[in-house]
Amino acid sequence: MENLIKTNVLTYAVLTAFTGFLLLSIIYGIFKKTKRIENKKKKTVLRFGISGVLVCFWIWFFIYVNLFPISLAYYEYSHDCVEERIGTIESIEQDGKDRINIIIDNTEYTMVHSSVNPAVAIGKDIDEGDTVKFIFGVESKYIFDIYESNTNP
């Protein structure tokens, strides 16, 4: 599981950095294209309005939605900030290519997934309705280890 989380953190960090550099080149292009506009107010609104919206979107999507949660999970995993619980799986849904959202006892958890080398075979090892024992990050709600349990919650 550590390799999956580490790979995800590195992938999202590289993707965030790449899109950040791409965004800087777009903003530079906006500043260059608006150089010919003579109306100073219009030029300022175009430059900073468009740039501000793009930067805010980049921060929200690439950092807050994608990079921050997996980085927090990696931090919790490497610093042993985890809890262990037993619960019943209510639903399992794949979110994108690399994450699985699992609802256990009305709480949504996320698990890093690899179709090439899965840590847990969803649908084979565990399925909806199974009672499972799982270890997860306290703040991130990322599942680090999950297996079927013989005891009821």
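Quick caveat, the model's predicted, so the values are computed rather than measured.

A.B. asks: How would you sum up helix 1 (residues 2-33)? Please name residues and give values.
C.D. replies: An ideal rise of 1.5 Å per residue puts 46 Å on 32 residues; helix 1 measures up with 46 Å between its terminal C-alpha atoms. Where helix 1 is concerned, the buried positions are Leu-4, Ile-5, Asn-8, Val-9, Tyr-12, Thr-16, Thr-19, Gly-20, Leu-23, Ile-27 and Ile-30.

A.B. asks: So what's going on with the environment of Glu-2? Which residues, and what values?
C.D. replies: For Glu-2, the position within the fold is in helix 1. Sequence spacing of Glu-2 and Leu-23 is 21 residues, and the spatial spacing of their C-alpha atoms is 31 Å.

A.B. asks: Lay out the sheet that holds strand 5 (residues 142-148) with the relevant residues and their values.
C.D. replies: Reading around the barrel, the five strands line up as 1-2-3-5-4 and close back on themselves, with mixed pairing between neighbours. Taking the axes of each pair of neighbouring strands and ignoring which way they run, one obtains an average angle of 55° across the sheet. As paired strands, strand 4 (residues 131-137) and strand 5 are joined by five bridges and run antiparallel to one another. Bridge assignment links Lys-133 to a residue of strand 5, and that residue is Tyr-147. Helix-sheet contacts for helix 2 (residues 40-78) involve strand 1 (82-95), strand 2 (99-104), strand 3 (107-112), strand 4 and strand 5, and the interaxial angle to strand 5 is about 60°.

A.B. asks: If you had to explain the packing of aromatic side chains to someone new, which residues and values would you point to?
C.D. replies: What characterises a pair of aromatic rings is the spacing of the ring centres plus the angle enclosed by the ring planes. Here the structure, examined in full by the defined rule, presents nine aromatic pairs. Arranged with centres 5.6 Å apart and planes meeting at 90°, the rings of Phe-31 and Phe-48 form a pair that is edge-to-face. Note that Phe-31 is positioned in helix 1 and Phe-48 in helix 2, a separation of 17 residues in sequence. Judged by relative accessible area, Phe-48 falls into the exposed class, the value being 53%. Here a set of aromatic residues connected by ring pairs shows up, and it is made of Phe-57, Trp-60, Phe-61 and Phe-62.

Quick notes on the rules
- Residues numbered from 1 in each chain as written.
- Predicted model: local features only at pLDDT ≥ 70, side-chain atom pairs only at ≥ 80, totals over all residues.
- Heavy atoms only, no water.
- Helix = DSSP H or I, 4+ residues; strand = E, 2+ residues; numbered from the N terminus.
- Expected span 1.5 Å × (residues − 1).
- Buried < 20%, exposed > 50% of the residue type's maximum accessible area, 1.4 Å probe, protein only.
- Pairing = 2+ DSSP bridges.
- Axes fitted to C-alpha atoms, helices over the stretch in contact; angles between N-to-C directions.
- Contact = heavy atoms within 4.5 Å.
- Phe/Tyr/Trp six-rings, centres within 6.5 Å; stacked < 30°, edge-to-face > 60°.

Geometry only, nothing functional implied.
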